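# Reading the structure
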Amino acid sequence: MTSLLEALDWVLTADSWTGPGGLGVRAGEHLLYSLLAVGLSALVALPAGLFIGHTGRGRGIAVVSTGVTRALPTLGVITLVALAAGIGLTAPMVAFIVLAVPSILAGAYSGVEAVDPQIVDAARAQGMSPRQVLLGVEVPLGLRLILGGVRLATLQVVATATLAAYVGAGGLGRPLFLGLRNHDYAMMLGASIVVILLAVVLDALFALGQRLLARRPGTA
Amino acid sequence: MTAVQWILENLPQILELTVDHLLLTVPAVLAAFLLALPLGRLAVRLPRLREPLVGGIGLLYAIPSLPLFIVLPLILGTSIREPLNAVAALTLFGLALMVRSAADAFGSVEEDVRLAAVAVGHSAAGRFLTVELPLAGPALLAGLRVVSVSTISLVSVSAVLGITSLGSLFTDGFERGIVASIVAGIVMTAVLALVLDLLLVALGRVLMPWRRPAPRRAGSREPAQVGERGAA
């Protein structure tokens, strides 16, 4: 228990948070990497997933490729790209995107697919264009699953962003690995607790967002 | 030296690491499965407990793996580099996925069937083992397959803490600049996941011989679904 107290002491000391290598900067980097990776992934995966869900085309390829990339060990991808691209942010970014794209893609196409076909037919029968059907009917009705994919991707990336420090980038992995190297368990533990809190808080925010959206009429 | 040469020369070591990887994976997957069965059944028996149980344990999955490896010694008194610590963490992640599958699987057993089993005189234990478990089997197997694949890919992360597994091929390869080592690690992880998955499917066929894939018949699809989604 002493180590927990030491860790909490370290986390709760203002000095640990300030300065160029402080927890504040590291937590900011951690969030920035995560949002950047999820944002870039969503830019590609959301339109692709909506297209697949709407047209049913390319579904087989999407299912197989998401399955394959899910089995990929992230640490392997990070270290492999780091050997090619050098240390820094490139390698972890590539790995995060590889990790995030399948979740967002799967959420997007299953969200659109889950919409009752009769509703889609009714929308089409009313004379809605394919674009109106997608944006006005399928996306709002499938929003819960679509957001679920983004939520899962965010969680995965926030968790994995710790590994960015292993190949020389920043983030909360920095103090974690520093503690590991210096046999400073309190520092490792403190950094771990901050990562866990960050992940749990982000997930709770998503849960709240999903709940608020579900209350709006016309979405499910 | 080409990648193939490196892999051939280091084959004994790679196989050894594969065994280490399995020694972390198999106990964790097994423990998660066995723990999830009573919890999943309980969630069906007491619907009020379902959300706290399934949702609560499911929350574990939101905890990043590397930090959990580090926090767990605090609770278990293990050391970070101990394989037991890794197995415990992996079991928790497996459990987070498996409890939901188990609750869904037991929940899919029809109430009429359960009542019929009571009526013909099964004891509670007999009903669980000979009626509910076989009927929930296919869904349980599906959950187990997901847990097995995700555990295999999670194990590698523990290598940064110094626990040997196929993940050590990533850390060694990165530190010494050997691409072949990392490639070998990725390939072996995928092979291991595939082999374990096939074994589970085969095991399912043996234990549940009544679950032969149904032969495909022409016109078996609901007419309403044919060709409608692709029209736009």
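Please refer to the structure placed before this passage.
Calculation criteria
Residues numbered from 1 in each chain as written. Chains lettered and ligands numbered in written order. Predicted model: local features only at pLDDT ≥ 70, side-chain atom pairs only at ≥ 80, totals over all residues. Heavy atoms only, no water. Helix = DSSP H or I, 4+ residues; strand = E, 2+ residues; numbered from the N terminus. Buried < 20%, exposed > 50% of the residue type's maximum accessible area, 1.4 Å probe, protein only. Contact = heavy atoms within 4.5 Å. Core = buried A, V, L, I, M, F, W, Y, C linked by side-chain atoms within 4.5 Å. Salt bridge = Lys/Arg side-chain N within 4 Å of Asp/Glu carboxyl O. Expected span 1.5 Å × (residues − 1).

## Quick notes on the overall build of chain A
- Looking only at helices and strands, chain A has 11 helices and zero strands in total.
- N-terminal to C-terminal, the α/β element order of chain A is α-α-α-α-α-α-α-α-α-α-α.
- Burial statistics for chain A: of 220 residues in total, 50% are counted as buried.
- A fraction of 76% describes how many contacts in chain A between residues 6 or more apart in sequence connect residues 24 or more apart.

## Some words on the nonpolar core
- With 67 residues, the main nonpolar core has A:Phe96, A:Phe177, B:Leu66, B:Val160 and B:Leu161 as its most contacted residues.
- Examining the composition of this core, we find that eight residues originate from one element, helix α6 (residues 90-113) of chain A, more than from any other.
- When residues no more than four places from it in sequence are discounted, the contact partners of A:Phe177 are A:Thr162, A:Leu163, A:Ala165, A:Tyr166, B:Leu66 and B:Val160.
- By size, the runner-up hydrophobic cluster in this structure holds 23 residues, among which are B:Ala43, B:Val99, B:Leu144 and B:Leu200.

## Here we look at the pattern of salt bridges
- One pass over the full model with this rule turns up nine salt bridges over all chains.
- For A:Asp203, the salt bridge identified is with A:Arg151, shortest N-O distance 2.8 Å. Highlighted residues: A:Asp203 in helix α11 (residues 185-215) and A:Arg151 in helix α9 (residues 143-160), separated in sequence by 52 residues.
- On the basis of relative accessibility, which here comes to 9%, the residue A:Asp203 falls in the buried class.
- In this structure, B:Glu132 engages B:Arg41 in a salt bridge whose closest nitrogen and oxygen atoms are separated by 2.4 Å. Remark: B:Arg41 occurs in helix α2 (residues 11-45) and B:Glu132 occurs in helix α7 (residues 124-155); sequence separation between them is 91 residues.
- You can call B:Glu132 buried: its relative accessible area is 1%.
- In this structure, a network of salt bridges that share partners links the residues B:Arg41, B:Glu111, B:Arg114, B:Arg127 and B:Glu132.

## A few points about helix α3 (residues 23-55) of chain A
- In a regular helix each residue adds 1.5 Å, so 33 residues correspond to 48 Å; α3(A) covers 46 Å between its end C-alpha atoms and thus fits that length.
- Downstream of α3(A) by one or two residues, A:Gly56 has phi in the positive range, about 75 degrees.

## Section: unusual backbone geometry
Residues and elements named next belong to chain A.
- Of note in the backbone geometry, histidine 183 takes a positive phi value of approximately 50 degrees without being a glycine.
- Relative to the helices and strands, histidine 183 resides in the loop between α10 (173-181) and α11.
- Take histidine 183: its relative accessible area is 65%, and that puts it in the exposed class.

## Let's talk about the environment of A:Val195
- Turning to its location among the elements, A:Val195 is positioned in helix α11.
- Residue A:Val195 is classed as buried on the basis of its relative accessible area, which comes to 0%.
- Along the sequence, A:Val195 and A:Ala159 sit 36 residues apart, while their C-alpha atoms lie 7.4 Å from each other.
- Ignoring any residue separated from it by four or fewer positions in sequence, one finds A:Val195 in contact with A:His30, A:Val158, A:Thr162, A:Leu172, B:Pro64 and B:Pro67.

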